[in-house]
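Structure assessment
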Amino acid sequence: MSAMTTDTTTDSGAMKTLTTLFRNNIREYGMLIALIAVMVFFQWQTGGILFRPVNITNLVLQNSYVITMALGMLLIIVSGWIDLSVGSVVAVVGALAGVLIVRYDVNWVLTLVICLLVGAAIGAFQGFWVAYVKIPAFIVTLAGMLIFRGLTIALLAGESVGPFPVGFQKISSGFIPDFFNFPGFHLTTILIGIVLSIVLIFLDLRARRNQQKYGFEVTPFYFFVAKNILITGAVMGLCYLMASYKGLPNVLVLLFVLITGFAFITSQSVVGRRIYAMGGNEKAAKLSGVNTSRLLFYTFVNMGVLAALAGIIVAARLNSSTPNAGDGMELDVIAACFIGGASASGGIGTVIGALVGAFLIGVLNNGMSILGVGIDWQKVVKGLVLLAAVFFDVYNKNKSA
Amino acid sequence: MSDVILEMRNITKTFPGVKALDNVTFSVKQGEIHALVGENGAGKSTLMKVLSGVYPYGSYEGEIYFEGKECRFQDIHHSEELGLVIIHQELALIPFLSITENMFLGNEQATNGVIDWNEAISKTKELLDRVGLHESPNTLITNMGVGKQQLVEIAKALAKKVKLLILDEPTASLNDNDSEKLLELLLQFKSHGISSILISHKLGEVKKVADSITILRDGATIETLDARKENISENRIIRGMVGRDITHRFPPRESKIGEVIFEVRDWNAYHPLHADRKVSNNVNINVRKGEVVGIAGLMGAGRTELAMSIFGRSYGIRISGTAYRYGKEVDISTIDKAISNGIAYATEDRKAYGLVLIQEIKSNITLANLEEISDGGVINEPKELTVTREYRDKLNIKCSSIRQLALNLSGGNQQKVVLSKWLFANPDILILDEPTRGIDVGAKYEIYTIINRLASEGKGIIFISSELPEILGICDRIYVMRDGKIVGEMPASEASQEIVMNHIMLEEEVVEP
C-alpha cells in the first residue's frame, strides 16, 4: 500500500526505512503476527486439520459474509459511525430471496438484482436519517435492527423457506469451472494463481517506476524482492491448497474482487480520501468543500448493498431462508473492524486491518469448533481478543504521546 | 496596606513561543470595583486564569497574596475555597438542569451522598432574592435568557461565600437593561464589602462603576488609574490601551490595487439558534485586486459569522444578500460553489475547523482541491507528494516529513498548512480569519509576508483580526464591525489605533469618511 513511498528529505538508509515502515505499521503487523500465531496454534492443536484443503475452503465460505460486510462497515466506522442493523438486513434480504424464488417462482438472477437493489434502498433509508436528519447512527440502526428482523419474520411467517434452485446455491457452494479435467487436481486454479502473481508483481513494479520517475527514494530492492516472493508464495500456496480440493470457490473469487476494490477505494481514490477526512474532522472536511451529508448517505447505501450480498451468500449456503439468519452477525463484523485497528471515533482504519480482524475471528471460531470448545467459551474468548486488540491500540497511542 | 485584598506581584506566564504575561503587577483594594481593560490578547484572561488557579502554581512566575497570605493555587476549587470566584464569558451552567441543581453543582447540599432537596431549594430561593432574580428554583437554565443566566452564575458565586468576584466580560451578550441591572448589583455587593474585578470592553460601564482601572497592553501592566480622584475620559483609557509606539513588525509592501473583484451587498444573516438575533446586518463590503482589506472589531462583533455566512452559508440561517465577482452576480450558496467561484476561507479555529489533525500534512493540503491531483477519481500519490512539498518549501513549513501528522506541528506551522490548503485551491479571494492567533512573533511575520506576496500576485484578501496594530500594519483599507454592522470604513493611511478604537468602542455613531 501507500506506506511504501517514503520521504526523501529525512528517511535515508535502508535499515532506517525498514524500521520506520515497521514502526508506522506496528498495528497491522502486530495483528498479522497474532493471526499467524493463532493459526499455528490451532494447526498444532487440531493435529493438522486446520490447513487441510477442505477446511481452508470451509473457512473461506464460513467467513465470506463477515468479510463482505466488514468492508462496508469499515467505511462506516471510518466515517465515525456504526451500523447495528446488518445482521437483520442479511435476514430480510435472504427472506426476500426465498419468498421470490420459492413462493413466486421468480428467476434467480432477477431475484439477485432485486435483492441488491432492496439492500441499497435499506441503506438509503438509514443513511437518510443519519446524514440528513442527523439522528445518531447508533439509534437509527438499532431501530433498523428491530424493523428488519421483524419484517423477516413477517415475510417468512416464522418458517424456513427453501430449497433453492441449483444455480442460486452455486453462488455460495460452487467452484470455478475447470477446463483441463486433470484428475484430482484443479489446473485452472493454478493457472489463475500464476496469472495473478504476475499481475501483482507487474503492478508493484510499475508503482515503483512511477515513484522513481517523480524522484522519490524507494524501498531497497532486496526488500522489494522479498516482499514479492512472500506475496507470490502466499497466493500460490493458497491456490495449490485449493487446487488439490475442488478448486477456487466462487465466493473466494467474489471476495478477492471486493477486497481489491475496497482496498483501492480507501487508499487511492478521492472518495476514500474524503471519507477519511470526514471521519477525522467533519467540520474541517465540510469547510474544505466536501459534501459530508451526501458522502455519509452513500456510505450507508454501500453498506446496505454489501449486507444484501452477504444475505444472498448466507441464504445460498444454507439453501434456505430462515427467520434468525444473520442473528448477532453485526457484532462479528464490527469486532473485525475494531480488531483490525479502526478507531471508534472515526478517521482511522484500513481494509487490510479489517480483513485480518475478520480472519482472526474466523480462525478462532473454526479452530475452537474443531477442538470441540462450546459456543459459550467461544464467545468469552472472542470478547477477550477484541478487548486485548483495542488495549494494544490504546497502549501504543499512549506510549507515543 | 491592610485594605488590599489581593496582590499579584511580578507575574510572568509563557506559552511555547509566546510571553503572555510579562512581569505584571496588579492589586485590588478591599471593597472596590476594579476594572481591568486592554485589547484582545493583552493578557487579561490569562492573568485571571493565573489568579483562579486554572494555570496552577508552578506554571507561572511571581507571587499571589490574598488577604495578606501567599496563595499557591493548584486548581480552581482551591481558589474558590478562599472566596475567589470567577465568572467566565462563556457561562458554565448546565442547560438541562434546574437553577437549584446548577447552584450547588459540585457543592451539593447532601449528607452521606443523599441530597437534601428542601434545604437546597430554600437556600437557592434566598440567593436568588439577593441577586434580585424572581424565578422558581426549579426553572431549567435552558428556558431562561442570557441575562438571567448571568444572575444565576452570580448567585452561584454567592453560594460559595465569595469575597472577590471576577467577571470576565459579563455584559458582552446582555442588552442595556440587563447590563444596567448587573452593574447595580455590583455596586450593591460593594456596599456589603465584596470586591470585584470587572473585565470589560465597554468603557462606558467601566467609567460608571469602577473605582480603579488597570490597563494591560501586550502582557504588561501599563498603568492603574484612580477613578475616584479624577474624572477619566474614555479617550484617556483608549490611549493607554493602544499605546503610542508601533514597531516595525510588518514587512513593507507596495500596493498595486486594481478593479473590484469581489463584493457583497445587503448581506443579512441570523443566528442559527436564536432565530431573532441578526449576526450580519445589511453588510456591504468589497475587495479589490491586489488589496488587503481588514475587518476590525471585538470578539462577538460578527466578523467570523459574516465571513462564514459568505463562504457557502457555512454559518447562520435565513441568509440574504447578493455576491458579485468581477461585477457579475455569483451563486455561493454552498461551500463547493464558493470554492469553485474562487473564494477561500481560512478559519480562526484551525484545530476544530481547519485541519484533520490525525491526518498527514499532505492530505490536509490537498483536501480542498483533490481534483487537481487525481485522474478520474484516482489519486496520483507521487504528484500529491510533489505539489505538497512545493508548498512546504514555499511557505517554509517546518516538519520532519510531509507525511507527519498535522497534530504534531506547532501552531504557526499548522496555520501554514491551512494556508497551503487554500492556496492550493487557487482562489482569487482569500478570507483569512485571525490567521496569526496564538502563534509567535516570528511566524506572524512569515504569515504577513505570505499575505503580501498573495496581494502582489493580484489576489484580494479579506483580513479579520482582533489585533489592531496588525490590521493597521498590513491592510490597505479597514472596515470596522460592531454588533453585526459595518460601522466604519477608512483607508489605512488615514487610520490610527485611536480612530479605529473609537469606532469599535464608542456607542454613538461616528461620522463616516
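Computed from a predicted model, the values in this text were never measured in an experiment.

1. Description of the overall build of chain A
Helix and strand counts for chain A stand at 16 helices and 0 strands. For chain A, the C-alpha radius of gyration of 22 Å lies close to 21 Å, the compact-globule estimate for 401 residues. Reported as C-alpha extents along the three principal axes, the dimensions of chain A are approximately 65 × 60 × 40 Å. Counting the 401 residues in chain A, one finds 41% classified as buried. Across chain A, the fraction of contacts at a sequence separation of at least 24, relative to all contacts at a separation of at least 6, is 79%.

2. As for the overall build of chain B
The secondary structure content of chain B amounts to 17 helices and 24 strands. Computed over the C-alpha atoms, the radius of gyration of chain B is 25 Å, within 12% of the 24 Å expected from 2.2 N^0.38 for a compact globule of 513 residues. With respect to the three principal axes, the spread of C-alpha positions in chain B is 70 × 55 × 45 Å. Considering only residue pairs separated by 6 or more positions, chain B has 67% of its internal contacts joining residues 24 or more positions apart.

3. Some points on the nonpolar core
For soluble globular proteins, nonpolar side chains are generally found buried alongside one another. Judged by nonpolar contacts, the single largest core of 241 residues is most densely connected at A70, M73, L74 and V90 of chain A together with F463 of chain B. Here this core takes 17 residues from helix α13 (residues 292-318) of chain A, the largest share from any one element. Contacts of F463 of chain B, omitting those with residues within four sequence positions, involve V292, V293, G294, L432, I451, I471, I474 and C475 of chain B.

4. Observations regarding the confidence of the model for chain B
The predicted coordinates should not be examined in detail at positions where pLDDT is low. All names here are of chain B. For chain B, the average pLDDT comes to 87, and 96% of its residues sit at 70 or higher. Within the model, the stretch residues 508-513 combines pLDDT values under 50 with 7 contacts to residues more than four positions away or in other chains. Confidence metrics for the complex model read pTM 0.80 and ipTM 0.83.

5. Here we look at the packing of helix α4 (residues 86-103) of chain A against α13 of chain A
Each pair of packed helices gets described by two things: the angle between the helix axes and the distance between those axes. All names here are of chain A. Running from amino to carboxyl end, α4 crosses α13 at an angle of 55°, the nearest separation of the two axes being 7 Å. As summarised for this structure, α4 and α13 are arranged oblique, according to the angle between their axes. Both α4 and α13 take part in a crossing whose hand is right-handed. Here α4 contributes V86, V89, V90, A91, V93, G94, A97 and G98 to the contact with α13, which in turn contributes M303, G304, A307, A308, A310, G311, I312, V314 and A315. Looking at the contact of α4 with α13 residue by residue, the class counts come to 13 nonpolar, 4 polar and no charged.

6. Focus on the domain arrangement of chain B
Partitioning chain B into domains gives domain 1 (4-242), domain 2 (257-342 + 427-506) and domain 3 (352-425). Here the C-alpha centre of domain 2 of chain B lies 33 Å away from the C-alpha centre of domain 1 of chain B.

7. Brief notes about the pairing of strand β11 (residues 212-217) of chain B
Residue and element names in this part refer to chain B. Pairing between strand β3 (residues 33-37) and β11: 4 bridges, direction parallel. The residue of β11 that forms the bridge with V37 is I215. Connecting the antiparallel pair β11 and strand β12 (residues 220-226) is a turn made up of 2 residues, with D218 showing a positive phi of about 50°.

8. With respect to the environment of G341 of chain A
Relative to the assigned elements, G341 of chain A resides in the loop between α14 (329-339) and α15 (351-371). Considering only alpha carbons, one finds G341 of chain A and V356 of chain A, 15 residues apart in sequence, at a separation of 9.7 Å.

9. Regarding the sheet that holds β12 of chain B
Across a sheet, strands are paired by hydrogen bonds formed along the backbone, either parallel or antiparallel in direction. Residues and elements named next belong to chain B. Across the sheet, 6 strands lie side by side as β6-β9-β10-β3-β11-β12; this open sheet has mixed pairing. At either margin of the open sheet sits one strand with a lone partner, and together these are β6 (84-87) and β12. Looking at each pair of strands side by side, their axes are set apart by 20° on average, direction ignored. In this fold helix α6 (residues 176-191) packs onto β3, β9 (164-168) and β10 (195-199), with an angle of close to 150° to the strand it touches most, β10.

10. Regarding the interface of chain B and chain A
Across the boundary between the two partners, chain B contributes 31 residues, which contact 28 residues of chain A. Breaking the side of chain B that touches chain A down by element, the ones donating at least two residues are α10 (335-340), α11 (350-354), β20 (378-379) and α13 (381-394) of chain B. A per-element tally of the side of chain B that touches chain A places α13 of chain B first, with 4 residues. Here the residues of the side of chain B that touches chain A sort into 17 nonpolar, 10 polar and 4 charged.

11. Some words on α15 of chain A
An α-helix turns once every 3.6 residues. As a result, residues three or four positions apart point the same way. Residues and elements named next belong to chain A. For α15, spanning 21 residues, the distance from its first C-alpha to its last is 30 Å, which sits close to the expected 30 Å at 1.5 Å a residue. In terms of burial, α15 is largely enclosed, as 16 of its 21 residues are buried. Among the residues trailing α15, G372 stands out with phi positive, at a value near 80°.

12. Some details on the domain arrangement of chain A
For chain A, the assigned domains are domain 1 (2-173 + 251-396) and domain 2 (175-248). Here the C-alpha centroids of domain 1 of chain A and domain 2 of chain A sit 25 Å apart.

13. Topic: the environment of L331 of chain A
Inspection of the secondary structure assignment puts L331 of chain A in helix α14. Taking the C-beta count within 10 Å as the criterion, L331 of chain A has 17 such neighbours and is therefore assigned partly exposed.

14. What to know about the confidence of the model for chain A
Residue and element names in this part refer to chain A. For chain A, per-residue confidence averages 88 on the pLDDT scale, and 92% of positions sit at 70 or higher. Within chain A, helix α5 (residues 108-132) carries the highest mean pLDDT (97), whereas helix α1 (residues 14-24) carries the lowest (61). Low pLDDT, under 50, characterises residues 1-13; the predicted model gives this stretch 27 contacts beyond four residues in sequence or across chains.

15. Quick notes on the sheet that holds strand β22 (residues 460-464) of chain B
Residues and elements named next belong to chain B. With mixed pairing, 6 strands are arranged side by side in an open sheet as β18-β21-β22-β15-β23-β24. Looking at which strands have only one partner, the edges of the open sheet turn out to be β18 (343-346) and β24 (485-491). When strand polarity is set aside, the average angle formed by the axes of neighbouring strands in this sheet is 20°. With 6 bridges connecting them, strand β23 (residues 477-482) and β24 associate as antiparallel partners. Bridging across to β24, V480 finds its partner in G488. This element, helix α17 (residues 497-505), spans β15 (292-296), β23 and β24 of the sheet and lies at about 25° to β23.

16. Some remarks on unusual backbone geometry
Between G162 of chain A and the following residue, P163 of chain A, the backbone shows a cis peptide bond with an omega angle of -10°. With respect to the helices and strands, P163 of chain A occurs in the loop between α6 (137-156) and α7 (166-173). Phi is positive for D218 of chain B, which is not a glycine, with a value near 50°. Note on placement: D218 of chain B falls in the loop between β11 and β12.

Calculation criteria
- Residues numbered from 1 in each chain as written.
- Chains lettered and ligands numbered in written order.
- Predicted model: local features only at pLDDT ≥ 70, side-chain atom pairs only at ≥ 80, totals over all residues.
- Helix = DSSP H or I, 4+ residues; strand = E, 2+ residues; numbered from the N terminus.
- Rg over C-alpha atoms; globule rule 2.2 N^0.38 Å.
- Buried ≥ 20, exposed ≤ 12 C-beta atoms within 10 Å, placed from the backbone.
- Contact = placed C-beta atoms within 7 Å.
- Core = buried A, V, L, I, M, F, W, Y, C linked by C-beta atoms within 7 Å.
- pLDDT = per-residue confidence, 0-100.
- Axes fitted to C-alpha atoms, helices over the stretch in contact; angles between N-to-C directions.
- Parallel < 35°, antiparallel > 145°, perpendicular 65-115°, else oblique.
- Left-handed = near helix turned anticlockwise from the far one by under 90°.
- Nonpolar A, V, L, I, M, F, W, Y, C, P; charged D, E, K, R; others polar.
- Domains from an automatic or database assignment.
- Pairing = 2+ DSSP bridges.
- Expected span 1.5 Å × (residues − 1).

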